[in-house]
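# Structural features, examined
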Amino acid sequence: MKKYVCVPCQWIYDPEVGDPDGGIAPGTAFEDIPEDWVCPICGAGKDAFEVVED
Ligand SMILES: [Zn+2]
C-alpha cells in the first residue's frame, strides 16, 4: 500500500500505522479512508493529499 503526504503540512499517512486517533485502523489503505476524514495535524481533507512515490 502506498503512503500519502498532506501537502499543506507534510504529514505522512502510513497505511501500516493508520490513524487510530481518527478512527482509521492500522492496515487501512488511503483509498479506503472515508471521504469525511481529515488530516489529524492541519484538518485538510483527503483531496489535499498526494501519493508518495518510493
Ligand atoms: Zn495536514
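Numbering of residues begins from 1 in every chain and follows the order in which that chain's sequence is written. Where totals are concerned, whole chains, interfaces and linings use all residues; where local detail is concerned, this predicted model gives features only for residues with pLDDT of at least 70, and gives and counts side-chain atom pairs only at 80 or more. For the side-chain quantities, the full set of heavy atoms in the structure was used; hydrogens and water were omitted.

### A short note on the environment of A25
In DSSP terms, a helix is any run of H or I states spanning at least four residues, a strand is any run of E spanning at least two, and both are numbered starting from the N terminus. Relative to the elements of secondary structure, A25 occurs in the loop between strand 2 (12-13) and strand 3 (49-51). Buried, partly exposed and exposed residues are distinguished by accessible area as a fraction of the type maximum, computed with a 1.4 Å probe on protein chains only: under 20%, between the cut-offs, and over 50%, respectively. Judged by its relative accessible area of 44%, A25 is partly exposed. Sequence spacing of A25 and P15 is 10 residues, and the spatial spacing of their C-alpha atoms is 8.7 Å.

### Regarding the coordination of the zinc ion
Within the protein, the atoms that donate to the zinc ion are C6 (SG), C9 (SG), C39 (SG) and C42 (SG), at distances of 2.2 to 2.4 Å. With water excluded from the atoms, a metal site may look incomplete; its donors are any N, O or S atoms within 2.8 Å, or within 3.2 Å for Na, K and Ca. All donors of the zinc ion come from a single chain, and their spacing in sequence reads C-x2-C-x29-C-x2-C. Of this pair, C9 sits in the loop between strand 1 (4-6) and strand 2 while C39 sits in the loop between strand 2 and strand 3, and the two are 30 residues apart along the sequence. Classification of C39 by relative accessible area gives buried; the value is 3%.

### Regarding the packing of aromatic side chains
Pairing of aromatic rings covers Phe, Tyr and the six-membered ring of Trp, with a centre-to-centre limit of 6.5 Å; geometry is then stacked below 30 degrees between planes, edge-to-face above 60, and tilted otherwise. All chains considered together, the criterion is met by nine aromatic pairs. Between Y4 and F30, the aromatic rings sit 4.1 Å apart at their centres with planes inclined by 15°, giving stacked as the arrangement. Of this pair, Y4 sits in strand 1 while F30 sits in the loop between strand 2 and strand 3, placing them 26 residues apart in sequence. Neither residue differs from the other here; Y4 and F30 are each classed as buried. Between F30 and W37, the ring centres sit 6.1 Å apart and the planes meet at 90°, which makes this aromatic pair edge-to-face. For W37, a relative accessible area of 5% gives the class buried. Connected via pairs of aromatic rings, a cluster forms that spans Y4, W11, Y13, F30, W37 and F49. The positively charged end of K46 is found above the aromatic ring belonging to F30, 5.0 Å away from the centroid. Two conditions define a charge sitting above a ring: the NZ of Lys or the CZ of Arg must be within 6 Å of the ring centre, and it must be within 35 degrees of the ring normal.

### Let's talk about the pattern of salt bridges
A side-chain nitrogen of Lys or Arg and a carboxyl oxygen of Asp or Glu constitute a salt bridge if their distance falls within 4 Å. The full count for this structure, using the stated rule, is three salt bridges. The salt bridge involving D14 is made with K3; its shortest N-O contact spans 3.9 Å. Here K3 lies in the segment before strand 1 and D14 lies in the loop between strand 2 and strand 3, a separation of 11 residues in the sequence. Overall, the relative accessible area of 19% leaves D14 in the buried class. Between K46 and E35 there is a salt bridge; the shortest N-O distance is 3.6 Å. Of this pair, K46 sits in the loop between strand 2 and strand 3 while E35 sits in the loop between strand 2 and strand 3; the two residues are 11 residues apart in sequence, bridging distant segments of the chain. The class of E35 is exposed, set by a relative accessible area of 66%.

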